[in-house]
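So you can see what is in the structure, the chains are spelled out below.
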Amino acid sequence: MKLELRGITKRFGPLVANDHIDLVVEEGEIHALLGENGAGKSTLMNVLFGLYTADEGTILLDDEVREFDGPGDALRAGIGMVHQHFMLVPVFTVAENVMLGHEETRGAGLLDLDAAREHVVALSKRFGFGLDPDAVVENLPVGVQQRVEIVKALARDAKVLILDEPTAVLTPQETDDLMEIMRQLAASGTSIVFITHKLREVQEVADRITVIRRGAVVGTAEPTAPVGELADMMVGRAVSLGVDKAPPQRGEETFHVSDLTVIDGVGNRVVDGVSFSIAQGEILAVAGVQGNGQTELTEAILGVQESAGGSITLDGRELRGLRPDQVLTAGVGFVPEDRTVDGLVLDFTVAENLVLDLVSRSPYSKGVAMNLAAIRSNADERIDEFDIRTQGPAEEVGRLSGGNQQKVVMARELSRSLKLFVASQPTRGVDVGSIEFLHKRIVAERDAGTPVMIISTELDEVAELADRIAVMYEGTIVGIVDADTPREVLGLMMAGVPLETARERATQHEGDDQ
Amino acid sequence: MSETTAPPPESQAPVPDKNLPEHTAGTGSRASQVLREVATGGFGVTVLAFVLALVVGAILILLVDPDVQEAAGYIFARPSDFFGAAWSAVSDAYSAMFRGAVVNYQATDAAGFFRPITETMTLATPLIIAALGVAVAFRAGLFNIGAQGQVIMGATLAGFLGFTWNLPAGIHLLFCLLGGIIAGGIWAGIAGFLKARTGAHEVIVTIMLNYIALYLLQYLLTTSAFATGNQPKSPSVASSAQLPLLLGDGFRLNAGFLLAIAAAVFVWWLMTRSTIGFQFRAVGSNAHAARTAGMNVTTTFILVMVVSGALAGLAGATQVLGTEKFLTDGIAGSLGFDAITVALLGRSKPMGIFFAGLLYGGLNVGGRVMEVSTGTPIDIVLVIQSLVVLFIAAPPLVRAIFHLPAPRGLSKGVAA
């Protein structure tokens, strides 16, 4: 089915979220909608899906004007949507989730689960999804849950499939699988709108690319267009995708973790005898697929997670066993992996969030009395320094875009002098322009002589920032390697292959290619 | 010359608002912005909810008024009788309530004229203080249902110290007030401690502590230390421990009201100007982030409950040292529960609670006068109070009735 949007305009009060957007998606085409966070991609798709009513413009399906009054209409017209945050009932099985909302019954109101089951099996077989219709959704990996969402849409005869930031939650392997699925769906005639801000993926899978910036289409491109060009279109200026960083001036090794072990509630050794050291003026990046103990490692360093054994020393002082406030006071700057959960109080103001872990120190308070003037002037300075796009210090942080929220967290942690800087996923869900800025700040902190530890699941980020790379797998460090280690080697190590074997296999691989 | 460069409000403006005017300038005039704020914010809805509740109350008055019922019997023959009776029933009832709660314009002397408002203030005193306690817990994400028990414990210890000890005036009073504060604080602290240590939910624990407090007081009133003769009633507190009357012997209004004002100012300062309040609010809004920022969440739980209970205990102390003067098992009335309502009504803000407490006190005092002078059952007041809360809990309903715009963004045309 061919989808066409003509002159779609959507306003929220004074804000124009979509400004006369035109978009044509041919049948069987994978059309990437590329733009920074807050560019208006999701708004546009919500208009298409009937969640918002457009103020102007028309939607055409196979050259016929259609109007959708709610997602029900859109679904019936053959538009399916896979949201970034899945709309699945965790305790239901795959088949139950697929039939949810259009339950088939046989007589007497009995659910016809068999029909749904068959549906799942048929679709799963056709596209190689490998779904078990009786598996309970909450037990499935994220990537598989996403396939359930896709099957859900296909089961309702979706001819146009909207994927909203589908790779944000996936591991690299799962991302590859998803792209394969997208290609197959397109080959069978389904039109796909692929919303993303990841350039690499777009180039790999898209047939056409439409770039949106500040609510308007800034241009279309072929996937063969160079990455730099696409990034330029997205952010409206040249973005250097490689941070210029000088070789590290390694100083003394002041931060040591040795034989650190964390045991979770059910007895798993989620961090299993991890040891490493970081020198002043050096960035150690911890790479690995999400869920291999990185989170627990950082939380153990901060002291919010109890560790079962080992030691963590900073400048010779034992941090293990200290409370988080003591660890922070010891000079550790900490950026948690999920800013909206652990990093920010969303209904606090920007100014309040900028002193969240500093408020009981001078000059922000004297005794128990807060010094509002100091908090205020700190906010003004940080907003200026980090270019935080906000209406002002008194705006609620929850109303900022993801990138600006992340800047608030980073600004707070980098605003005092540090002896160690730990940042988890420092740029997750952050737009290209902000990524560049945040990366520069991290490198600047390193150049100021602070040992820096970055935890990232994005290899691009790891490659860009790291002076050395530690790869984690199932709670252990597989190896610590130089920053110029080839990606294939890193990829193999992330799958648990020891360094030497990974090197051999990678060279063998190259040999095969030649 | 130089003073013209900087606009005066800028210099002492507190943290909020500096950049707001610049931003909002684009969205419409300042006046319409303010109107919208009032209409969509808590205050406007609260006022309208009160108006709606009065309207429903009026309908109920009509339903129970015998004259109106009689006139309704021949409504088609002489509709004017019906509407006349209806008007007089409602206006009599509400004007009696006004005379009872605000000023009695039918009084012959100044004392009689002003007595109602002083009674309202007297009743509002413990309500305001206890509601401030409930609000502190609310803002920190805890639901302190136990104000009732904390009021009882506060009143019990304050009263006991009041009628057993002999201390110089003033010192004795402070001593008793402190006793009330500590008793309430400990009582709520138990719930905070159990939550922090074992994860026991504060709602359940505080409800149970309410019963324990009530039955403890009932038991104490049977012991020789508390009871006078065979009555379940304590001796009067010594005059050295009583809160001084503010307007002489003719009025019950006492210094407890000043304590209520002081408590409101204290809570405002605590929640908006102190690092402790910052921590309370942070834990209440996002305990994860608070913990990651180095705040001790479990200690905060205990501290919040202690502060909340201390205020409720102070409320109990003002009740026994200022108004009642002796202990009975009804010393707390339904104070602790009304305090929850007042805290909600005041949107957990000290200023809001102050006025909500006065409103609540006024409705109770006025209701009594209404019942005596017009025969309208005082239960109507309870209905009005309940309806106010109901309407406040459902702002969309109030907005729909008055055709008010929805808050933020979803503009659908401004009416009313």
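Note that this is a predicted model, so its numbers are computed, not measured.

Caption draft 1: Seen up close, the overall build of chain B. Helix and strand content of chain B: 18 helices and 0 strands. When burial is assessed residue by residue, chain B has 47% of its 416 residues classed as buried. Look at the contacts in chain B between residues 6 or more apart in sequence, and 70% of them connect residues 24 or more apart. Summed over all atoms, the accessible surface of chain B reaches about 19500 Å², with 68% contributed by carbon and sulfur.

Caption draft 2: Quick peek at empty space enclosed by the protein. Residue and element names in this part refer to chain A. The final tally for this structure, using the stated rule, is 5 cavities of 30 Å³ or more. Taken as a whole, the largest cavity encloses approximately 50 Å³ of empty space. Lining the largest cavity are Val98, Met99, His102, Glu104, Ala116, His119 and Ala155. Every element with two or more residues in the lining of the largest cavity is listed here: helix 3 (94-99) and helix 4 (113-127). A per-class count over the lining of the largest cavity returns 4 nonpolar, 2 polar and 1 charged.

Caption draft 3: Expanded view of the pattern of salt bridges. All names here are of chain A. Enumeration according to the criterion identifies 33 salt bridges over all chains in this entry. Between Glu180 and Arg183 there is a salt bridge, with its nearest N and O atoms 3.3 Å apart. Here the residue Glu180 and the residue Arg183 both occupy positions in helix 6 (residues 172-187), the gap between them amounting to 3 residues, near one helical turn. Notably, a salt bridge pairs Arg416 with Glu413, separated by 2.7 Å at the nearest N-O pair.

Caption draft 4: Geometry of helix 17 (residues 379-393) of chain B. Residue and element names in this part refer to chain B. Here helix 17 is 15 residues long and its end C-alpha atoms lie 21 Å apart, about the 21 Å a rise of 1.5 Å per residue gives. Among the residues making up helix 17, those that are buried are Ile380, Val381, Ile384, Gln385, Leu387, Val388, Phe391 and Ile392. Down the axis of helix 17, the sector holding all buried residues measures 165 degrees, keeping them to one side. Pointing more than 90 degrees away from the buried face of helix 17 are the exposed residues Asp379, Leu382, Leu390 and Ala393.

Caption draft 5: Representation of a nonpolar patch on the surface within the structure. Residues and elements named next belong to chain B. A surface patch of nonpolar side chains, amounting to about 630 Å² of accessible area, comprises Phe43, Val47, Val51, Val55, Ile59, Leu63 and Val64. With respect to the secondary-structure elements, Val55 resides in helix 4 (residues 42-64). The exposure class of Val55 is partly exposed, given its relative accessible area of 45%.

Caption draft 6: Quick look at the domain arrangement of chain A. Parsing chain A into structural domains produces domain 1 (3-235) and domain 2 (253-331 + 417-513). Using only C-alpha atoms to locate each centre, domain 1 of chain A and domain 2 of chain A end up separated by 34 Å.

Caption draft 7: Local environment of the layout of surface pockets. Approximately 580 Å³ is the volume attributed to the second largest pocket. The wall of the second largest pocket is formed by 25 residues, among which Asp325 of chain A together with Gln279, Gly294, Met295 and Asn296 of chain B lie closest to the centre. Of all elements in the fold, only helix 10 (324-329) of chain A together with helix 12 (275-285) and helix 14 (297-324) of chain B reach the threshold of two or more residues within the lining of the second largest pocket. Its residues assigned to classes, the lining of the second largest pocket comprises 11 nonpolar, 9 polar and 5 charged.

Caption draft 8: Representation of the pairing of strand 13 (residues 253-263) of chain A. All names here are of chain A. Across 7 bridges, the pairing between strand 13 and strand 14 (residues 269-279) is antiparallel. Residue Val262 lies in a different strand from strand 14, and its bridge partner there is Val271. In this sheet, strand 16 (residues 309-314) lies alongside strand 13 in antiparallel orientation, the contact comprising 5 bridges. The residue of strand 16 that forms the bridge with His256 is Thr313.

Caption draft 9: Representation of the interface of chain B and chain A. Tallying the contact residues gives 29 residues for chain B and 37 residues for chain A. A buried area of about 2800 Å², summed over both sides, lies between chain B and chain A, and 63% of it is on carbon and sulfur atoms. Joining chain B to chain A, the criterion identifies 1 salt bridge. Residue Glu352 of chain A is joined to Arg281 of chain B by a salt bridge in which the shortest nitrogen-to-oxygen separation is 3.0 Å. On the surface where chain B and chain A come into contact, there are 9 residue pairs in polar contact (both at pLDDT 80 or more). Mapped onto the side of chain B that touches chain A, the elements with two or more residues apiece are helix 2 (20-24), helix 11 (256-273), helix 12 and helix 13 (287-292) of chain B. Among the elements that take part in the side of chain B that touches chain A, helix 12 of chain B stands out by supplying 6 residues, more than any other. Each residue belonging to the side of chain B that touches chain A can be placed in one class, and the counts come to 11 nonpolar, 12 polar and 6 charged.

Caption draft 10: Summary view of the side chain of Gln150 of chain B. Residue and element names in this part refer to chain B. The topology assignment puts Gln150 in helix 8 (residues 147-164). Of the residues examined, Gln150 reaches a relative accessible area of 2% and is grouped as buried. Those residues in contact with Gln150 that lie beyond four places of it in its chain are Asn144, Gly184, Trp187, Ala188, Thr206, Ser308, Gly309, Ala312 and Gly313.

Caption draft 11: Spotlight on the packing of helix 4 of chain A against helix 5 (residues 142-155) of chain A. Residue and element names in this part refer to chain A. It is the contact of helix 4 with helix 5, at a shortest axis distance of 10 Å, that shows an interaxial angle of 110 degrees. Here helix 5 runs roughly perpendicular to helix 4, going by the angle between their axes. Contact residues: His119, Val120, Leu123 and Phe127 in helix 4; Val151, Leu154 and Ala155 in helix 5. Broken down by class, the residue content of the contact of helix 4 with helix 5 amounts to 6 nonpolar, 1 polar and no charged.

Caption draft 12: Seen up close, the sheet that holds strand 9 (residues 160-164) of chain A. All names here are of chain A. One open sheet accounts for 6 strands, arranged 6-9-10-3-11-12; its pairing is mixed. Edge positions in the sheet fall to strand 6 (79-82) and strand 12 (216-221), since each has one partner strand and no second. On average, adjacent strands in this sheet sit at an angle of 20 degrees to one another, irrespective of strand direction. Two strands pair when backbone bridges link them, and strand 9 and strand 10 (residues 191-196) are joined in this way by 5 bridges, in the parallel orientation. By the bridge assignment, Leu161 is partnered in strand 10 with Ile192.

Caption draft 13: Region of interest: the nonpolar core. Residues Leu356 and Phe421 of chain A together with Leu321 and Leu327 of chain B are the most contacted members of the largest nonpolar core, which totals 161 residues. Setting aside residues up to four positions removed in sequence, Leu356 of chain A forms contacts with Gly343, Val345, Phe348 and Arg412 of chain A together with Phe278, Ala282, Ala289, Ala293 and Met295 of chain B. Residues Val82, Leu88, Ala153 and Met182 of chain A belong to the second largest nonpolar core, which totals 47 residues.

Caption draft 14: Looking closely at the pairing of strand 9 of chain A. All names here are of chain A. Counting buried positions along strand 9 yields 5 of 5 residues, so the element is predominantly enclosed. Two elements, strand 6 and strand 9, share 4 bridges in a ladder whose sense is parallel. Looking at strand 9, one finds that Met81 is bridged to Ile162.

Caption draft 15: Up close: the packing of helix 8 of chain B against helix 15 (residues 335-345) of chain B. Residues and elements named next belong to chain B. Where helix 8 contacts helix 15, the axes come no closer than 7 Å and their chain directions differ by 130 degrees. Viewed along their axes, helix 8 and helix 15 adopt a mutual orientation that is oblique. At the point where helix 8 passes helix 15, the crossing takes the right-handed sense. Contacts between helix 8 and helix 15 involve Ala147, Gln148 and Val151 from the first element and Leu335, Gly336 and Phe337 from the second.

Caption draft 16: Summary view of unusual backbone geometry. Residues and elements named next belong to chain A. Of note, the amide linkage connecting Ser362 to Pro363 takes the cis form, showing an omega dihedral of 0 degrees. Here Pro363 is to be found in the loop between helix 12 (350-353) and strand 19 (365-366). We note that Asp62 has phi near 50 degrees; this positive angle belongs to a residue other than glycine. Here Asp62 is to be found in the loop between strand 4 (56-61) and strand 5 (64-66). According to the relative accessible area criterion, Asp62 is partly exposed, its value standing at 42%. Positive phi, normally seen in glycine, also occurs at Asp259, with a value near 55 degrees. Along the chain, Asp259 falls in strand 13. Since its relative accessible area comes to 48%, Asp259 is described here as partly exposed.

Calculation criteria
Residues numbered from 1 in each chain as written. Chains lettered and ligands numbered in written order. Predicted model: local features only at pLDDT ≥ 70, side-chain atom pairs only at ≥ 80, totals over all residues. Heavy atoms only, no water. Helix = DSSP H or I, 4+ residues; strand = E, 2+ residues; numbered from the N terminus. Buried < 20%, exposed > 50% of the residue type's maximum accessible area, 1.4 Å probe, protein only. Contact = heavy atoms within 4.5 Å. Areas by Shrake-Rupley, 256 points an atom, 1.4 Å probe, with all protein chains shown as cover. 1 Å grid on protein atoms, 1.4 Å probe; cavity = no way out; pocket = protein on both sides within 12 Å on 5 of 7 lines; lining within 4 Å. Points joined across faces, edges and corners; volume = space filled by probe spheres on them. Nonpolar A, V, L, I, M, F, W, Y, C, P; charged D, E, K, R; others polar. Salt bridge = Lys/Arg side-chain N within 4 Å of Asp/Glu carboxyl O. Expected span 1.5 Å × (residues − 1). Arc of directions from axis to C-beta. Patch = residues over 30% accessible without salt bridge, like charges linked within 9 Å, V, L, I, M, F, W, Y side chains within 5 Å. Domains from an automatic or database assignment. Pairing = 2+ DSSP bridges. Buried area = accessible area lost by both parts, 1.4 Å probe. Polar contact = N/O pair within 3.5 Å; in protein donor to acceptor, adjacent residues only side chain to side chain. Axes fitted to C-alpha atoms, helices over the stretch in contact; angles between N-to-C directions. Parallel < 35°, antiparallel > 145°, perpendicular 65-115°, else oblique. Core = buried A, V, L, I, M, F, W, Y, C linked by side-chain atoms within 4.5 Å. Left-handed = near helix turned anticlockwise from the far one by under 90°.

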